[in-house]
Amino acid sequence: MAVQSFAVPYAKEEPTTCGYCSPPGERSENATSYKVAGLHAMRLSCEVYQKMIDRGWRRSGAENESRLDALAFKSGRSHRKLVHRWNRRILQGDGDIEAAGMHTKKAKGKDNKPFDLVRALHSSEKGCLDNAKATHEFEVTLEPASFTKEKYNLFCKYQSDVHNDHEKSESGFKHFLVDSPLVGEIIPYTTSSDHLPPKYGSYHQMYRVDGKLIAVGVLDILPNCVSSVYFMYDSEWEHYSLGKDQLSALREVSLAKEIHDAGVPGMGYLYMGFYIYSCQKMRYKGEYSPSYLADPETYEWYPLETCIPLLQTHRYACFSNVEHCIEGVAPEISSEPALSELDDLLLLQRKEGSLTAVPVSWTNAWEIPSIKEDLCAVIEGLGLNLAQAIFWSV
């Protein structure tokens, strides 16, 4: 039986400041605003959510979505150095690299094997050491998203040390990084997959060294991608580029490839989240290739290298039609579907103690300005076909 999706639509004004680049407390001051569409999702199928993020939606906001082709990705020299440095730390502490059998320079010759990213990432993990002795015990596990004091304490330390943000509540942490409307659905592997997630859904990727939690990656595993939601780490390990240069991103692209190789042909991408060219903190995403950005009008994917020239000169960049690019704030586009088009857009109504789904056109909802505005906003953002895949509560 297909998983049903349920949500409440809304439209609201939001500031144009960047939540990544602006200091805490200054993200809404002196900012202009624009109207955005959103929804409070009680329950979403992973298939519906995959289609949503392909249109620029995320459970933490909406912007230019960037994705990396996990199957075509080739690690560069800097990526290989990151992996080797981390493995060296785990296998032998901070000692000499050659003692661990990992040389920074290899002799040229036909016998040199090409770098295998998946194998290299796992080579220092507990259970994958191939009889090698390690100075530290390193373990990476995936678990369904859940709240623990251990995760919350790491989050508070990360926010304080890295972002100078000292006010984070348990409820805020749960809402931001734990609660998820995604319904877990079995992943149809065709080969052995004991170390891979059994279901699509929301996960925490746990990094432990000698039993201590040092990092957590918040991920959504969807039919076509691994979607990176957030990453937090203990600042004591910052030297090893867990977050800054994104050793975590290498593990996430590897996860997408491993799921694909275990017999899931639809899996092929790492969705890396928002890409705002003017935000320095996001520039690292451009170092992973081949990457693509979604066009804000057609939602087709365009190679990042062809998008950057437009992003450099325009605040609103349309990749499918350069004539639509503008230097100012993105235009507010609004359209109102005819009521006759909404026979398949279903609203939930309570009748005689039970919920019933009825077409919008059968109700008086379209006559209530606030409800009409909210529904028009999500239809514009989702497209009518996708909006019809969700049961709406107003």
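What you see is a predicted model, and the numbers here were worked out from it, not measured in a lab. (Residues numbered from 1 in each chain as written. Predicted model: local features only at pLDDT ≥ 70, side-chain atom pairs only at ≥ 80, totals over all residues. Heavy atoms only, no water.)

Asker: So what about the overall build of the chain? Which residues, and what values?
Answerer: Each helix and strand counted, the chain has nine helices and 17 strands in total. Counting across all 394 residues of the chain, residues that qualify as buried make up 44%. Considering only contacts within the chain whose residues lie at least 6 apart along the sequence, 63% involve residues at least 24 apart. (Helix = DSSP H or I, 4+ residues; strand = E, 2+ residues; numbered from the N terminus. Buried < 20%, exposed > 50% of the residue type's maximum accessible area, 1.4 Å probe, protein only. Contact = heavy atoms within 4.5 Å.)

Asker: Help me get a handle on the packing of aromatic side chains, residues and values and all.
Answerer: Evaluated as defined, the whole model comprises 18 aromatic pairs. With centroids separated by 5.1 Å and ring planes inclined at 65°, the aromatic side chains of phenylalanine 176 and tyrosine 230 adopt a geometry described as edge-to-face. Taken together, the positions of phenylalanine 176 in helix H5 (residues 170-178) and tyrosine 230 in strand E11 (residues 225-233) put the pair 54 residues apart, joining distant regions of the chain. A relative accessible area of 32% places phenylalanine 176 in the partly exposed class. In this structure, lysine 174 is placed above the aromatic ring of phenylalanine 147, and the distance from its NZ or CZ to the ring centre is 4.6 Å. (Phe/Tyr/Trp six-rings, centres within 6.5 Å; stacked < 30°, edge-to-face > 60°. Lys NZ or Arg CZ within 6 Å of the ring centre and 35° of its normal.)

Asker: Got a sec to walk through the side chain of serine 75? Specific residues and values, please.
Answerer: Mapped onto the fold, serine 75 is located in the loop between strand E5 (65-69) and helix H2 (77-92). Apart from the residues lying within four places of it in its own chain, the contact partners of serine 75 are Arg80 and Phe115.

Asker: Now, about the packing of helix H4 (residues 149-163) against H5: what can you tell me, with residues and values included?
Answerer: Two elements in contact, H4 and H5, have axes separated by 11 Å at closest approach and are oriented at 95°. Relative to H5, H4 is oriented roughly perpendicular. Counting all contacts with H4, which are made through Lys149, Lys151, Tyr152 and Phe155, the residues of H5 involved are Glu170, Phe173, Phe176 and Leu177. The residue inventory of the contact of H4 with H5, partitioned by class, reads five nonpolar, no polar and three charged. (Axes fitted to C-alpha atoms, helices over the stretch in contact; angles between N-to-C directions. Parallel < 35°, antiparallel > 145°, perpendicular 65-115°, else oblique. Nonpolar A, V, L, I, M, F, W, Y, C, P; charged D, E, K, R; others polar.)

Asker: Help me get a handle on the pattern of salt bridges, residues and values and all.
Answerer: Taken as a whole and judged by the stated rule, the model has 13 salt bridges. Of the charged contacts, one joins lysine 149 and glutamate 170 as a salt bridge, the two residues approaching to 2.4 Å between their closest N and O atoms. With a gap of 21 residues between them, lysine 149 in helix H4 and glutamate 170 in helix H5 connect regions that are remote in the sequence. Put simply, lysine 257 and aspartate 261 hold a salt bridge, and the shortest N to O gap is 2.8 Å. Of the two residues, lysine 257 and aspartate 261 both sit in helix H6 (residues 247-261), four residues apart, roughly one turn of that helix. In this structure lysine 257 comes out as partly exposed when scored by relative accessible area, which is 30%. (Salt bridge = Lys/Arg side-chain N within 4 Å of Asp/Glu carboxyl O.)

Asker: Lay out helix H7 (residues 304-313) in plain terms, naming residues and giving numbers.
Answerer: Taken as a whole, H7 has its buried residues at Leu304, Cys307, Leu310 and Leu311. Across the axial projection of H7, the buried residues extend over an arc of 120°, all falling on one side. (Arc of directions from axis to C-beta.)

Asker: Describe the nonpolar core, with residues and values.
Answerer: Counting residues in each nonpolar core, the largest one holds 88 residues, and the members touching the most others are Trp86, Ile221, Leu382 and Trp392. Leucine 382 has contacts with Leu39, Met52, Arg55, Trp57, Ala387, Ile390 and Trp392, leaving out every residue within four places of it along the chain. By size, the runner-up hydrophobic cluster in this structure holds twelve residues, among which are Tyr275, Leu293, Cys307 and Phe319. (Core = buried A, V, L, I, M, F, W, Y, C linked by side-chain atoms within 4.5 Å.)

Asker: Lay out the pairing of E5 with the relevant residues and their values.
Answerer: Of all five residues that make up E5, five are buried, and the element is covered over most of its length. Alternating residues of E5 divide into Glu65, Arg67 and Asp69 and Ser66 and Leu68, and every residue in both groups is buried. Sheet topology note: the E5/strand E12 (residues 269-274) ladder contains five bridges and is antiparallel. By the bridge assignment, serine 66 is partnered in E12 with glycine 273. Pairing between E5 and strand E13 (residues 291-294): three bridges, direction antiparallel. What sits directly across from arginine 67, in E13, is tyrosine 292. (Pairing = 2+ DSSP bridges.)

Asker: Give a detailed account of the confidence of the model for the chain, specifying residues and quantitative values.
Answerer: Mean pLDDT over the chain works out to 87, with 86% of the residues at or above the 70 mark. The model gives residues 95-104 a pLDDT under 50, and that stretch makes 14 contacts with residues more than four places away or in other chains. (pLDDT = per-residue confidence, 0-100.)

Asker: Any details on unusual backbone geometry? Residues and values, ideally.
Answerer: Here the bond from serine 289 into proline 290 is cis, since omega is 5°, no more than 30 degrees from zero. Relative to the assigned elements, proline 290 resides in the loop between E12 and E13. At tyrosine 299, a residue that is not glycine, the phi angle is positive and equals roughly 65°. Position of tyrosine 299 among the secondary structure elements: in the loop between E13 and strand E14 (301-303). The class of tyrosine 299 is partly exposed, set by a relative accessible area of 22%.

Asker: Give a description of the pairing of E11 that names residues and reports values.
Answerer: Regular strands place their side chains on alternate faces of the sheet. With respect to burial, E11 is a largely interior element, nine of its nine residues being buried. Bridge count for strand E10 (residues 212-221) against E11 is seven bridges, and the pairing is antiparallel. Counterpart to isoleucine 221 in the pairing with E11 is valine 226. Between E10 and E11, which pair antiparallel and follow one another directly, the connecting turn spans three residues.

Asker: Explain H5 residue by residue, including any values.
Answerer: Since the α-helix turns once every 3.6 residues, residues separated by three or four places project in the same direction. Listing the buried residues of H5 in full gives Phe173, Leu177 and Val178. Axial view of H5: buried residues confined to an arc of 75°, hence all on one face. When the buried face of H5 is taken as reference, the exposed residues oriented beyond 90 degrees from it are Ser171 and His175. The inward-facing, buried residues of H5 abut H4, strand E9 (199-209), E10 and E11.

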